Amino acid sequence: SAVQDQLKDVQQVQGTNGLFAGGAFAAVLADGSVVTWGKPGHGGNSSAVQDQLKNVQQIQATGGGAFAAILADGSVVAWGDPDYGGDSSEVQDQ
């Protein structure tokens, strides 16, 4: 599959369980990029933040359906279900 072809030199994988709606996974690659797959609304689609997901050091998943990535400069990028923390825009400037 298209995702499988991208999963080379994987450093870390995190997954959400999505409760009853299905889950998603995110993988950090050796070059600091992130590949996501699974339920789009639960973090499986990271296209809205893909341009920000560079030099990723670590990712953390919530139980519900969101991910947060820590970048090399110490900033955080979040995506996924806003009800589970997937929208960090309100606190981004803090």
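Residues numbered from 1 in each chain as written. Predicted model: local features only at pLDDT ≥ 70, side-chain atom pairs only at ≥ 80, totals over all residues. Heavy atoms only, no water.

## Focus on unusual backbone geometry
Although it is not a glycine, Asp9 adopts a positive phi angle of roughly 55°. Assignment of secondary structure puts Asp9 in the loop between helix H1 (2-6) and strand S1 (10-16). (Helix = DSSP H or I, 4+ residues; strand = E, 2+ residues; numbered from the N terminus.)

## Focus on the sheet that holds S1
Pairing is antiparallel across the open sheet formed by three strands, whose spatial order is S1-S2-S3. A single partner strand is all that each edge strand has here, and the edge strands are S1 and strand S3 (34-38). Each strand axis lies, on average, 15° off the axis of its neighbour in the sheet, ignoring direction. In this sheet, S3 lies alongside strand S2 (residues 24-29) in antiparallel orientation, the contact comprising five bridges. Its bridge partner being in S3, Val28 is matched across the sheet by Val34. (Pairing = 2+ DSSP bridges. Axes fitted to C-alpha atoms, helices over the stretch in contact; angles between N-to-C directions.)

## Some thoughts on the side chain of Thr16
Along the chain, Thr16 turns up in strand S1. Owing to a relative accessible area of 8%, Thr16 belongs among the buried residues under this scheme. There is a polar contact of 3.4 Å between the side chain of Thr16 and the backbone oxygen of His42. If we ignore the near neighbours within four places in the chain, the residues touching Thr16 are Gly23, Ala24, His42, Ala61, Thr62, Gly63, Gly64, Gly65, Ala66 and Phe67. (Buried < 20%, exposed > 50% of the residue type's maximum accessible area, 1.4 Å probe, protein only. Polar contact = N/O pair within 3.5 Å; in protein donor to acceptor, adjacent residues only side chain to side chain. Contact = heavy atoms within 4.5 Å.)

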